Amino acid sequence: MTSKAYVLIDTEIGKVERVAEALCCKPGMIADIVTGPHDIIAVVQAADPDGVAKTVMTDIHGVPGIVRTITCLVVQSKT
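Residues numbered from 1 in each chain as written. Predicted model: local features only at pLDDT ≥ 70, side-chain atom pairs only at ≥ 80, totals over all residues. Heavy atoms only, no water.

K.L.:
Tell me what's going on with the environment of K4, and back it up with residues and numbers.
P.N.:
Positionally, K4 belongs in strand β1 (residues 3-11). For K4, a relative accessible area of 21% corresponds to the partly exposed category. Discounting residues that sit within four places of it in the chain, K4 has contacts with V43, V44, Q45, V52, C72, L73 and V74. (Helix = DSSP H or I, 4+ residues; strand = E, 2+ residues; numbered from the N terminus. Buried < 20%, exposed > 50% of the residue type's maximum accessible area, 1.4 Å probe, protein only. Contact = heavy atoms within 4.5 Å.)

What follows is the structure in structure tokens.
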């Protein structure tokens with residue numbers, strides 16, 4: 001079973017497209033530019049919650065132009 005999280009991302013002004021492009025090329029990640037209070041919503045999938053945490057801390061927090069993130073771990077998925 002895999003773990004999934006939605007990461008709500010705020011970027012510096014004018015950096016949204018550059019950040020989204022940097023994120024979407026990472027394995028196991030999708031990044032969508034959105035309207036509303038956040039600039040990007042990324043979907044992260046990993047083998048377990050620790051893998052999600054590592055991805056967020058290394059692959060997302062390491063991208064220049066990101067100001068703030070909120071990570072929402074999925075606890076139950078309906079299909």
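K.L.:
Before we move on, could you go through helix α2 (residues 49-60) and cite the residues and values that matter?
P.N.:
Its 12 residues place the ends of α2 15 Å apart at the C-alpha level, agreeing with the 16 Å of an ideal helix rising 1.5 Å per residue. Among the residues of α2, G51, V52, T55, V56 and I60 are the ones counted as buried. The buried side chains of α2 occupy one side of the element, clustering within an arc of 140 degrees when seen end-on. Exposed side chains of α2 directed beyond 90 degrees from the buried face belong to D50, K54, M57 and T58. Looking at the buried residues of α2, the elements they touch are β1, α1 (16-24), β2 (29-33), β3 (40-46) and β4 (66-73). For α2, the side-chain oxygen to backbone nitrogen distance between the N-cap and D50 is 3.1 Å, and the N-cap itself is D48. (Expected span 1.5 Å × (residues − 1). Arc of directions from axis to C-beta. Polar contact = N/O pair within 3.5 Å; in protein donor to acceptor, adjacent residues only side chain to side chain.)

K.L.:
I'd like a description of the pairing of β2, backed by residues and values.
P.N.:
Across 5 bridges, the pairing between β2 and β3 is antiparallel. Bridge assignment links D32 to a residue of β3, and that residue is I41. Count of turn residues in the β2/β3 antiparallel hairpin: 6 residues, of which G36 carries a positive phi of about 115 degrees. (Pairing = 2+ DSSP bridges.)

K.L.:
Please give an account of the nonpolar core that cites residues and values.
P.N.:
Within soluble globular proteins, side chains that are nonpolar generally end up buried alongside one another. Residues V7, I9, L23, I40 and I60 are the most contacted members of the largest nonpolar core, which totals 17 residues. Elements with a contribution of two residues or more to this core: β1, α1, β2, β3 and α2. Among the elements that line this core, the one with the most residues is β3, at 4 residues. Once residues lying within four places of it in the same chain are set aside, the contact partners of L23 are I9, M29, A31, I40, D59, I60 and V63. (Core = buried A, V, L, I, M, F, W, Y, C linked by side-chain atoms within 4.5 Å.)

K.L.:
Which residues make up the pairing of β1, and what values go with them?
P.N.:
Among the 9 residues in β1, 7 count as buried, and that is most of the element. The sheet contact formed by β1 and β3 spans 7 bridges and is antiparallel. By the bridge assignment, K4 is partnered in β3 with Q45. Note that β1 and β4 share 7 bridges and pair antiparallel. Looking at β4, one finds that T11 is bridged to I66.

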